[in-house]
Amino acid sequence: MITTASPRPRRFGPLRDKHSRPYLMTAGLSMMGDNIEHVITYWVLWQTFHSPWLVGFQVISHWLPFLLLSVLFGGLAEKYDCRRIIQIAQGLFAFVSLGWGVLFLTGTLEMWSACVLLVLHGCAGALWGPAEQLMLHDFAEPEELPSAVRLNATFKSLGVLAGPVVGSVLLLLLGPTWGIFANIAFYLPMTLLMIRTPFTGHSRSGLVLRERVSILDTPRVLRTVAGDKVLVGMIALAGLIAVCVGSSLTVSMPNFADALGAGDEGGIGYGLLLFANGIGGVAGGFLLEATGIIKADVKAAVVAAVMFGLTSLIVATTSHYGIAVAALVVGGVANLAATSVGQAIVQLRAPADQRGRVVGVYGMIGSGMRTGNGITLAGLGALIGVSGAVAVGGVGLMVGALVIAVLTGMQTARSRRA
(Lines give C-alpha, C1' and ligand atoms only; values in the text may rest on other atoms or scores of the structure.)
Protein backbone atom coordinates (compact mmCIF):
# COMPACT_ATOMS: atom_id res chain seq x y z
CA MET A 1 0.00 0.00 0.00
CA ILE A 2 1.31 3.42 -0.92
CA THR A 3 0.61 6.19 1.57
CA THR A 4 0.93 9.87 0.95
CA ALA A 5 2.56 11.82 3.74
CA SER A 6 0.70 14.82 5.01
CA PRO A 7 2.32 18.05 3.80
CA ARG A 8 4.34 19.79 6.46
CA PRO A 9 2.88 23.15 7.43
CA ARG A 10 4.91 26.09 6.16
CA ARG A 11 6.63 28.38 8.62
CA PHE A 12 4.55 31.58 8.75
CA GLY A 13 2.28 30.05 6.12
CA PRO A 14 -0.69 32.36 6.86
CA LEU A 15 1.57 35.40 6.43
CA ARG A 16 2.50 34.17 2.95
CA ASP A 17 -1.13 34.07 1.85
CA LYS A 18 -2.51 37.21 0.17
CA HIS A 19 -5.87 36.84 1.91
CA SER A 20 -4.92 35.89 5.46
CA ARG A 21 -1.96 38.29 5.73
CA PRO A 22 -4.05 41.50 5.69
CA TYR A 23 -6.64 39.77 7.86
CA LEU A 24 -4.09 39.12 10.61
CA MET A 25 -2.72 42.65 10.40
CA THR A 26 -6.09 44.36 10.50
CA ALA A 27 -7.10 42.17 13.46
CA GLY A 28 -4.09 43.57 15.29
CA LEU A 29 -5.17 47.12 14.44
CA SER A 30 -8.69 46.47 15.70
CA MET A 31 -7.36 45.02 18.95
CA MET A 32 -5.13 48.08 19.31
CA GLY A 33 -8.20 50.28 18.90
CA ASP A 34 -9.95 48.23 21.59
CA ASN A 35 -7.10 48.89 24.02
CA ILE A 36 -6.72 52.56 23.03
CA GLU A 37 -10.34 53.02 24.02
CA HIS A 38 -9.62 51.46 27.42
CA VAL A 39 -6.69 53.82 27.99
CA ILE A 40 -8.63 56.97 27.18
CA THR A 41 -12.03 56.13 28.63
CA TYR A 42 -10.78 54.56 31.86
CA TRP A 43 -8.70 57.67 32.53
CA VAL A 44 -11.65 59.97 31.90
CA LEU A 45 -14.03 57.84 33.98
CA TRP A 46 -11.68 57.86 36.95
CA GLN A 47 -11.08 61.60 36.69
CA THR A 48 -14.82 62.24 36.42
CA PHE A 49 -16.31 59.85 38.98
CA HIS A 50 -13.46 58.50 41.17
CA SER A 51 -15.65 55.42 41.63
CA PRO A 52 -14.08 52.07 42.66
CA TRP A 53 -17.44 50.49 41.84
CA LEU A 54 -17.16 51.72 38.26
CA VAL A 55 -13.61 50.34 38.02
CA GLY A 56 -14.97 46.91 38.93
CA PHE A 57 -17.83 47.30 36.46
CA GLN A 58 -15.32 48.06 33.70
CA VAL A 59 -13.87 44.56 34.10
CA ILE A 60 -17.24 42.84 34.49
CA SER A 61 -18.84 44.61 31.51
CA HIS A 62 -15.92 43.64 29.29
CA TRP A 63 -16.05 39.89 29.99
CA LEU A 64 -19.63 39.14 31.03
CA PRO A 65 -20.98 39.33 27.42
CA PHE A 66 -18.52 36.57 26.49
CA LEU A 67 -19.92 34.41 29.28
CA LEU A 68 -23.57 35.00 28.41
CA LEU A 69 -23.61 35.44 24.64
CA SER A 70 -20.66 33.60 23.05
CA VAL A 71 -22.63 30.48 22.07
CA LEU A 72 -25.42 32.61 20.60
CA PHE A 73 -22.90 34.64 18.62
CA GLY A 74 -21.22 31.39 17.53
CA GLY A 75 -24.58 30.25 16.14
CA LEU A 76 -24.91 33.52 14.25
CA ALA A 77 -21.42 32.96 12.79
CA GLU A 78 -22.54 29.52 11.58
CA LYS A 79 -25.77 30.83 10.07
CA TYR A 80 -24.71 34.09 8.44
CA ASP A 81 -21.82 35.49 6.42
CA CYS A 82 -18.99 35.98 8.91
CA ARG A 83 -17.73 38.99 6.93
CA ARG A 84 -20.93 40.85 7.73
CA ILE A 85 -20.85 39.84 11.38
CA ILE A 86 -17.29 41.11 11.67
CA GLN A 87 -18.32 44.38 10.01
CA ILE A 88 -21.20 44.75 12.48
CA ALA A 89 -18.83 44.10 15.39
CA GLN A 90 -16.28 46.61 14.10
CA GLY A 91 -19.09 49.10 13.49
CA LEU A 92 -20.25 48.64 17.08
CA PHE A 93 -16.71 49.27 18.33
CA ALA A 94 -16.59 52.46 16.25
CA PHE A 95 -20.07 53.53 17.41
CA VAL A 96 -19.00 53.19 21.04
CA SER A 97 -15.91 55.34 20.42
CA LEU A 98 -18.13 57.88 18.68
CA GLY A 99 -20.51 57.80 21.63
CA TRP A 100 -17.71 58.47 24.11
CA GLY A 101 -16.47 61.34 21.95
CA VAL A 102 -19.91 62.98 21.76
CA LEU A 103 -20.37 62.69 25.54
CA PHE A 104 -16.92 64.14 26.20
CA LEU A 105 -17.43 66.95 23.70
CA THR A 106 -20.83 67.99 25.06
CA GLY A 107 -19.95 67.49 28.72
CA THR A 108 -22.94 65.17 29.21
CA LEU A 109 -21.13 62.07 30.49
CA GLU A 110 -23.07 60.40 33.30
CA MET A 111 -22.63 57.12 35.17
CA TRP A 112 -25.54 55.39 33.42
CA SER A 113 -24.41 56.37 29.93
CA ALA A 114 -20.86 55.22 30.71
CA CYS A 115 -22.22 51.82 31.83
CA VAL A 116 -24.26 51.45 28.64
CA LEU A 117 -21.23 52.14 26.44
CA LEU A 118 -19.03 49.77 28.47
CA VAL A 119 -21.56 46.96 27.99
CA LEU A 120 -21.87 47.66 24.24
CA HIS A 121 -18.08 47.54 23.94
CA GLY A 122 -18.04 44.13 25.65
CA CYS A 123 -20.79 42.90 23.32
CA ALA A 124 -18.78 44.00 20.28
CA GLY A 125 -15.82 41.90 21.41
CA ALA A 126 -18.00 38.86 22.09
CA LEU A 127 -19.71 39.17 18.67
CA TRP A 128 -16.36 39.49 16.87
CA GLY A 129 -14.77 36.38 18.43
CA PRO A 130 -16.55 33.34 16.86
CA ALA A 131 -16.83 34.89 13.39
CA GLU A 132 -13.16 35.82 13.50
CA GLN A 133 -12.17 32.22 14.30
CA LEU A 134 -14.37 30.71 11.58
CA MET A 135 -12.69 33.00 9.05
CA LEU A 136 -9.33 31.59 10.12
CA HIS A 137 -10.67 28.12 9.39
CA ASP A 138 -11.49 29.31 5.87
CA PHE A 139 -8.13 30.97 5.24
CA ALA A 140 -5.92 28.09 6.39
CA GLU A 141 -5.56 24.49 5.28
CA PRO A 142 -6.21 22.09 8.19
CA GLU A 143 -2.50 21.44 8.70
CA GLU A 144 -1.83 25.19 8.93
CA LEU A 145 -4.78 26.05 11.15
CA PRO A 146 -2.69 25.92 14.38
CA SER A 147 -0.28 28.38 12.76
CA ALA A 148 -3.14 30.68 11.75
CA VAL A 149 -4.62 30.62 15.27
CA ARG A 150 -1.20 31.28 16.81
CA LEU A 151 -0.35 34.15 14.45
CA ASN A 152 -3.81 35.67 14.94
CA ALA A 153 -3.22 35.59 18.70
CA THR A 154 0.25 37.06 18.17
CA PHE A 155 -0.96 40.02 16.12
CA LYS A 156 -3.74 40.67 18.62
CA SER A 157 -1.14 40.53 21.41
CA LEU A 158 0.84 43.10 19.44
CA GLY A 159 -2.28 45.27 19.37
CA VAL A 160 -2.70 44.85 23.13
CA LEU A 161 0.95 45.81 23.64
CA ALA A 162 0.81 48.85 21.36
CA GLY A 163 -2.62 50.05 22.49
CA PRO A 164 -1.54 51.69 25.76
CA VAL A 165 1.39 53.41 24.04
CA VAL A 166 -0.67 54.79 21.15
CA GLY A 167 -3.56 55.61 23.49
CA SER A 168 -1.26 57.59 25.77
CA VAL A 169 0.14 59.51 22.78
CA LEU A 170 -3.37 60.33 21.54
CA LEU A 171 -4.38 61.40 25.04
CA LEU A 172 -1.33 63.65 25.31
CA LEU A 173 -1.43 65.18 21.81
CA LEU A 174 -5.18 65.37 21.07
CA GLY A 175 -6.81 65.13 24.48
CA PRO A 176 -9.48 62.58 25.41
CA THR A 177 -12.23 63.95 23.14
CA TRP A 178 -10.38 64.09 19.84
CA GLY A 179 -8.23 61.14 20.81
CA ILE A 180 -11.29 58.90 21.12
CA PHE A 181 -12.67 60.26 17.84
CA ALA A 182 -9.34 59.41 16.16
CA ASN A 183 -9.58 55.89 17.57
CA ILE A 184 -12.47 55.15 15.20
CA ALA A 185 -9.95 54.98 12.34
CA PHE A 186 -8.35 51.80 13.75
CA TYR A 187 -11.55 49.82 13.18
CA LEU A 188 -11.87 50.84 9.52
CA PRO A 189 -9.16 48.61 7.93
CA MET A 190 -10.80 45.34 8.98
CA THR A 191 -14.25 46.69 8.11
CA LEU A 192 -13.09 47.58 4.60
CA LEU A 193 -11.12 44.34 4.19
CA MET A 194 -14.32 42.36 4.70
CA ILE A 195 -15.73 43.99 1.54
CA ARG A 196 -13.11 42.44 -0.73
CA THR A 197 -12.14 39.12 0.87
CA PRO A 198 -13.82 36.20 -0.96
CA PHE A 199 -14.22 34.00 2.13
CA THR A 200 -17.38 33.84 4.21
CA GLY A 201 -16.36 31.64 7.13
CA HIS A 202 -18.23 28.75 5.47
CA SER A 203 -16.34 28.53 2.17
CA ARG A 204 -14.18 25.54 3.11
CA SER A 205 -16.82 23.43 4.89
CA GLY A 206 -19.79 24.46 2.75
CA LEU A 207 -21.97 24.11 5.85
CA VAL A 208 -24.45 26.79 6.86
CA LEU A 209 -26.71 26.49 9.89
CA ARG A 210 -30.34 26.25 8.77
CA GLU A 211 -32.11 26.03 12.10
CA ARG A 212 -33.09 28.97 14.25
CA VAL A 213 -30.38 30.45 16.46
CA SER A 214 -31.26 30.84 20.12
CA ILE A 215 -29.50 31.66 23.36
CA LEU A 216 -31.05 28.40 24.61
CA ASP A 217 -28.65 26.50 22.31
CA THR A 218 -25.97 26.63 25.00
CA PRO A 219 -27.06 23.56 27.03
CA ARG A 220 -27.47 21.46 23.87
CA VAL A 221 -24.03 22.40 22.54
CA LEU A 222 -22.50 21.68 25.94
CA ARG A 223 -24.03 18.19 25.83
CA THR A 224 -22.55 17.67 22.36
CA VAL A 225 -19.12 18.80 23.50
CA ALA A 226 -19.30 16.49 26.54
CA GLY A 227 -18.98 13.48 24.26
CA ASP A 228 -15.41 14.42 23.28
CA LYS A 229 -13.19 14.34 26.36
CA VAL A 230 -10.30 16.07 24.59
CA LEU A 231 -12.60 18.97 23.70
CA VAL A 232 -13.84 19.06 27.29
CA GLY A 233 -10.25 19.07 28.55
CA MET A 234 -9.18 21.96 26.32
CA ILE A 235 -12.26 24.02 27.18
CA ALA A 236 -11.74 23.28 30.89
CA LEU A 237 -8.08 24.28 30.58
CA ALA A 238 -9.08 27.62 29.01
CA GLY A 239 -11.50 28.21 31.88
CA LEU A 240 -8.85 27.28 34.42
CA ILE A 241 -6.41 29.81 32.94
CA ALA A 242 -9.14 32.45 32.96
CA VAL A 243 -10.21 31.87 36.58
CA CYS A 244 -6.81 31.22 38.15
CA VAL A 245 -4.74 33.89 36.39
CA GLY A 246 -6.93 35.72 33.86
CA SER A 247 -6.16 39.44 34.01
CA SER A 248 -4.77 39.32 37.55
CA LEU A 249 -1.15 39.88 36.51
CA THR A 250 -2.01 43.10 34.68
CA VAL A 251 -4.23 44.61 37.36
CA SER A 252 -1.80 43.55 40.12
CA MET A 253 1.24 45.10 38.44
CA PRO A 254 1.29 48.27 40.61
CA ASN A 255 1.40 46.02 43.68
CA PHE A 256 4.29 44.00 42.25
CA ALA A 257 6.18 47.17 41.32
CA ASP A 258 5.95 48.45 44.90
CA ALA A 259 6.95 45.08 46.36
CA LEU A 260 9.99 44.94 44.05
CA GLY A 261 11.02 48.51 44.85
CA ALA A 262 10.23 49.71 41.33
CA GLY A 263 7.23 51.87 42.05
CA ASP A 264 9.09 55.16 41.75
CA GLU A 265 11.57 56.51 39.21
CA GLY A 266 8.86 58.09 37.08
CA GLY A 267 7.07 54.79 36.67
CA ILE A 268 9.86 53.32 34.51
CA GLY A 269 10.14 50.17 36.60
CA TYR A 270 6.38 49.70 36.58
CA GLY A 271 6.24 50.33 32.83
CA LEU A 272 8.93 47.73 32.19
CA LEU A 273 6.94 45.12 34.11
CA LEU A 274 3.87 45.87 31.98
CA PHE A 275 5.98 45.76 28.82
CA ALA A 276 7.52 42.42 29.81
CA ASN A 277 4.07 41.02 30.44
CA GLY A 278 2.98 41.97 26.91
CA ILE A 279 6.14 41.36 24.89
CA GLY A 280 6.26 37.69 25.84
CA GLY A 281 3.06 37.00 23.91
CA VAL A 282 4.30 38.88 20.85
CA ALA A 283 7.90 37.65 20.70
CA GLY A 284 6.82 34.19 21.81
CA GLY A 285 4.26 33.90 19.04
CA PHE A 286 6.82 34.67 16.35
CA LEU A 287 9.43 32.44 18.04
CA LEU A 288 7.06 29.48 18.27
CA GLU A 289 6.04 29.95 14.65
CA ALA A 290 9.66 30.15 13.47
CA THR A 291 10.83 27.07 15.37
CA GLY A 292 7.72 24.90 15.11
CA ILE A 293 8.56 23.31 18.48
CA ILE A 294 4.98 23.48 19.76
CA LYS A 295 2.55 20.93 18.31
CA ALA A 296 -1.23 21.18 18.45
CA ASP A 297 -1.78 18.45 21.03
CA VAL A 298 -3.02 18.12 24.60
CA LYS A 299 0.46 17.61 26.05
CA ALA A 300 1.73 20.90 24.61
CA ALA A 301 -1.28 22.82 25.93
CA VAL A 302 -0.92 21.34 29.43
CA VAL A 303 2.85 21.91 29.63
CA ALA A 304 2.38 25.52 28.52
CA ALA A 305 -0.40 26.05 31.10
CA VAL A 306 1.76 24.59 33.89
CA MET A 307 4.60 26.89 32.85
CA PHE A 308 2.24 29.89 32.88
CA GLY A 309 1.11 28.97 36.40
CA LEU A 310 4.71 28.54 37.54
CA THR A 311 5.84 31.90 36.16
CA SER A 312 2.83 33.59 37.76
CA LEU A 313 3.82 32.06 41.09
CA ILE A 314 7.40 33.28 40.64
CA VAL A 315 6.28 36.84 39.84
CA ALA A 316 4.07 36.90 42.93
CA THR A 317 6.74 35.59 45.31
CA THR A 318 10.13 36.78 44.09
CA SER A 319 11.93 39.73 45.63
CA HIS A 320 14.28 40.18 42.65
CA TYR A 321 13.17 42.59 39.94
CA GLY A 322 15.15 40.91 37.15
CA ILE A 323 13.66 37.50 37.93
CA ALA A 324 10.16 39.00 37.86
CA VAL A 325 10.78 40.57 34.44
CA ALA A 326 12.15 37.30 33.04
CA ALA A 327 9.23 35.33 34.49
CA LEU A 328 6.72 37.74 32.93
CA VAL A 329 8.30 37.33 29.49
CA VAL A 330 8.37 33.51 29.73
CA GLY A 331 4.85 33.55 31.12
CA GLY A 332 3.67 35.59 28.14
CA VAL A 333 5.08 32.94 25.78
CA ALA A 334 3.48 30.13 27.80
CA ASN A 335 0.09 31.85 27.97
CA LEU A 336 -0.01 32.39 24.21
CA ALA A 337 1.09 28.80 23.57
CA ALA A 338 -1.52 27.30 25.91
CA THR A 339 -4.44 29.34 24.62
CA SER A 340 -3.57 29.15 20.91
CA VAL A 341 -2.96 25.39 21.03
CA GLY A 342 -6.23 24.88 22.91
CA GLN A 343 -8.11 27.04 20.40
CA ALA A 344 -6.61 25.13 17.46
CA ILE A 345 -7.51 21.73 18.97
CA VAL A 346 -11.08 22.89 19.59
CA GLN A 347 -11.47 24.08 16.00
CA LEU A 348 -9.99 20.91 14.54
CA ARG A 349 -12.07 18.54 16.69
CA ALA A 350 -15.36 20.46 16.70
CA PRO A 351 -18.16 18.87 14.63
CA ALA A 352 -18.19 20.72 11.32
CA ASP A 353 -21.90 21.47 11.59
CA GLN A 354 -21.49 23.02 15.05
CA ARG A 355 -18.06 24.60 14.79
CA GLY A 356 -19.20 28.17 15.40
CA ARG A 357 -21.16 27.27 18.52
CA VAL A 358 -18.35 25.07 19.88
CA VAL A 359 -15.92 27.94 19.32
CA GLY A 360 -18.50 30.04 21.15
CA VAL A 361 -18.36 27.63 24.10
CA TYR A 362 -14.57 27.99 24.13
CA GLY A 363 -14.95 31.77 24.18
CA MET A 364 -17.68 31.58 26.81
CA ILE A 365 -15.40 29.64 29.18
CA GLY A 366 -11.97 30.98 28.16
CA SER A 367 -12.95 34.66 28.11
CA GLY A 368 -16.18 34.81 30.09
CA MET A 369 -14.67 33.15 33.16
CA ARG A 370 -12.28 36.07 33.50
CA THR A 371 -15.23 37.70 35.25
CA GLY A 372 -14.74 35.10 37.98
CA ASN A 373 -11.02 35.89 38.14
CA GLY A 374 -11.84 39.41 39.28
CA ILE A 375 -14.07 38.04 42.04
CA THR A 376 -11.50 35.51 43.27
CA LEU A 377 -8.70 38.08 43.11
CA ALA A 378 -10.73 40.53 45.18
CA GLY A 379 -11.78 37.90 47.75
CA LEU A 380 -8.39 36.27 48.20
CA GLY A 381 -6.64 39.64 47.99
CA ALA A 382 -8.64 40.88 50.98
CA LEU A 383 -7.56 37.82 52.99
CA ILE A 384 -3.93 37.21 52.04
CA GLY A 385 -2.94 40.24 49.94
CA VAL A 386 -2.77 40.73 46.18
CA SER A 387 0.56 38.90 45.76
CA GLY A 388 -0.73 35.98 47.80
CA ALA A 389 -3.89 35.79 45.69
CA VAL A 390 -1.87 35.70 42.45
CA ALA A 391 0.41 33.02 43.94
CA VAL A 392 -2.59 30.87 44.88
CA GLY A 393 -3.91 31.29 41.34
CA GLY A 394 -0.58 30.17 39.88
CA VAL A 395 -0.52 27.04 42.05
CA GLY A 396 -4.17 26.34 41.22
CA LEU A 397 -3.42 26.56 37.49
CA MET A 398 -0.48 24.14 37.75
CA VAL A 399 -2.41 21.58 39.79
CA GLY A 400 -5.58 21.91 37.72
CA ALA A 401 -3.72 21.57 34.40
CA LEU A 402 -2.06 18.36 35.60
CA VAL A 403 -5.41 16.96 36.75
CA ILE A 404 -6.91 17.73 33.34
CA ALA A 405 -3.95 15.96 31.67
CA VAL A 406 -4.41 12.85 33.82
CA LEU A 407 -8.18 12.66 33.30
CA THR A 408 -7.89 13.25 29.54
CA GLY A 409 -5.14 10.64 29.27
CA MET A 410 -7.18 8.07 31.21
CA GLN A 411 -10.22 8.65 29.01
CA THR A 412 -8.13 8.40 25.82
CA ALA A 413 -6.56 5.13 27.00
CA ARG A 414 -10.00 3.75 27.91
CA SER A 415 -11.32 4.64 24.44
CA ARG A 416 -8.41 2.87 22.74
CA ARG A 417 -9.06 -0.33 24.72
CA ALA A 418 -12.79 -0.27 23.96
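Whatever comes next refers back to the structure up there.
Remember, predicted model here, so these are calculated numbers, not experimental data.

A short note on the overall build of the protein
When helices and strands are counted, the protein shows 18 helices and 0 strands. Taking 2.2 N^0.38 as the reference for a compact globule, 418 residues should give roughly 22 Å; the C-alpha atoms of the protein span a radius of gyration of 21 Å, in line with that estimate. In the protein, buried positions account for 52% of the 418 residues. Long-range contacts, defined as pairs at least 24 residues apart, comprise 86% of the intrachain contacts of the protein with a sequence gap of at least 6. Roughly 18,200 Å² of accessible area belongs to the protein as shown, and the carbon and sulfur atoms make up 69% of that amount. Averaging the positions of the 27 positive and the 20 negative side-chain charges in the protein gives two centres separated by 10 Å.

Some words on the nonpolar core
One broad rule of soluble globular proteins: the nonpolar side chains tend to lie buried together. Leu237, Leu249, Leu273 and Leu397 are the most contacted members of the largest nonpolar core, which totals 52 residues. Among the elements of the structure, helix H9 (217-225), helix H10 (229-244), helix H12 (253-259), helix H13 (268-291), helix H14 (298-317), helix H15 (321-349), helix H16 (355-366) and helix H18 (386-417) are those that each provide at least two residues to this core. Considering each element in turn, this core owes the most residues, 11 residues, to H15. Apart from the residues lying within four places of it in its own chain, the contact partners of Leu249 are Phe256, Asn277, Phe308, Ser312, Val315, Leu328 and Val390. Leu15, Phe73, Ala140 and Ala344 belong to the second-largest nonpolar core, a separate cluster that totals 43 residues.

As for the side chain of Lys156
If you trace the backbone, Lys156 turns up in helix H6 (residues 145-173). In contact with Lys156, other than residues within four places in its own chain, are Ala27, Gly28, Met31, Trp128 and Glu132.

What about the packing of helix H2 (residues 20-49) against helix H5 (residues 111-139)?
Running from N to C, H2 and H5 cross one another at 165°; their axes reach a closest spacing of 12 Å. With respect to each other, H2 and H5 are oriented roughly antiparallel. The way H2 lies across H5 gives a crossing that is left-handed. Residue-level inspection shows Ser20, Tyr23, Leu24, Ala27, Ser30, Met31, Asp34, Glu37, His38, Tyr42, Leu45 and Phe49 of H2 in contact with H5, the latter providing Met111, Ala114, Leu118, His121, Trp128, Ala131, Glu132, Met135, Leu136 and Phe139.

Remarks on the packing of aromatic side chains
Evaluated as defined, the whole model comprises 8 aromatic pairs. Relative to Trp128, the ring of Phe93 lies with its centre 6.0 Å away and its plane at 85°, an arrangement referred to as edge-to-face. Taken together, the residues Phe93 in helix H4 (residues 82-106) and Trp128 in helix H5 connect sequence positions 35 residues apart. When sorted by exposure, Phe93 lands in the same class as Trp128, which is buried.

A few points about the environment of Gly394
Within the secondary structure, Gly394 sits in helix H18. By relative accessible area, which is 0% here, Gly394 ends up buried. Placed 244 residues apart in sequence, Gly394 and Arg150 show a C-alpha to C-alpha distance of 23 Å. For Gly394, the contacting residues outside a window of four places in its chain are Gly309 and Ser312.

Describing the pattern of salt bridges
Side-chain pairing between opposite charges can occur once the charged atoms of the two side chains come close. Per the stated rule, a full pass over the model turns up 4 salt bridges. Ionic pairing is found between Lys156 and Glu132, a salt bridge with its closest N-O pair at 3.1 Å. Of this pair, Lys156 sits in helix H6 while Glu132 sits in helix H5, and the two are 24 residues apart along the sequence. As far as burial versus exposure is concerned, Lys156 and Glu132 are alike and both buried.

Considering a nonpolar patch on the surface
Together, Leu105, Val165, Val169, Leu172, Leu173, Leu174 and Trp178 give the surface a local cluster of nonpolar side chains, amounting to about 770 Å² of exposed area. Tallying contributions element by element places H6 first for the nonpolar patch, with 4 residues.

So, the packing of H2 against H4
Working note: a packed helix pair is described by the angle between its axes plus the distance between those axes. In the contact formed by H2 and H4, the axes pass within 11 Å of each other and the chain directions differ by 25°. Accordingly, the angle class assigned to the pair H2 and H4 is roughly parallel. Our pair here, H2 against H4, has a crossing hand that is left-handed. Between H2 and H4, the contacting residues are Tyr23, Ser30, Asp34, Glu37, Ile40, Thr41, Val44 and Leu45 on the first element and Ile86, Gln90, Phe93, Val96, Ser97, Trp100 and Phe104 on the second. The residue makeup of the contact of H2 with H4, split by class, is 9 nonpolar, 4 polar and 2 charged.

Details of the environment of Trp53
Mapped onto the elements, Trp53 comes out in helix H3 (residues 52-79). Here Trp53 falls in the exposed class, since its relative accessible area comes to 53%. Contact partners of Trp53, with chain neighbours within four places excluded, come to Met111 and Cys115.

Brief notes about helix H8 (residues 188-196)
An α-helix turns once every 3.6 residues. As a result, residues three or four positions apart point the same way. Taken residue by residue, H8 has Met190, Leu193 and Met194 as its buried positions. Each buried residue of H8 lies within a common arc of 100° when the element is viewed along its axis, so the set occupies one face. Structural note: H8 exposes Leu192, Ile195 and Arg196 on the side pointing more than 90 degrees away from its buried face. Against the buried residues of H8 lie H2, H4 and H5.

Definitions and limits used
Residues numbered from 1 in each chain as written. Predicted model: local features only at pLDDT ≥ 70, side-chain atom pairs only at ≥ 80, totals over all residues. Heavy atoms only, no water. Helix = DSSP H or I, 4+ residues; strand = E, 2+ residues; numbered from the N terminus. Rg over C-alpha atoms; globule rule 2.2 N^0.38 Å. Buried < 20%, exposed > 50% of the residue type's maximum accessible area, 1.4 Å probe, protein only. Contact = heavy atoms within 4.5 Å. Areas by Shrake-Rupley, 256 points an atom, 1.4 Å probe, with all protein chains shown as cover. Lys, Arg positive; Asp, Glu negative; His and termini not counted. Charge placed at Lys NZ, Arg CZ, Asp CG, Glu CD. Core = buried A, V, L, I, M, F, W, Y, C linked by side-chain atoms within 4.5 Å. Axes fitted to C-alpha atoms, helices over the stretch in contact; angles between N-to-C directions. Parallel < 35°, antiparallel > 145°, perpendicular 65-115°, else oblique. Left-handed = near helix turned anticlockwise from the far one by under 90°. Phe/Tyr/Trp six-rings, centres within 6.5 Å; stacked < 30°, edge-to-face > 60°. Salt bridge = Lys/Arg side-chain N within 4 Å of Asp/Glu carboxyl O. Patch = residues over 30% accessible without salt bridge, like charges linked within 9 Å, V, L, I, M, F, W, Y side chains within 5 Å. Nonpolar A, V, L, I, M, F, W, Y, C, P; charged D, E, K, R; others polar. Arc of directions from axis to C-beta.

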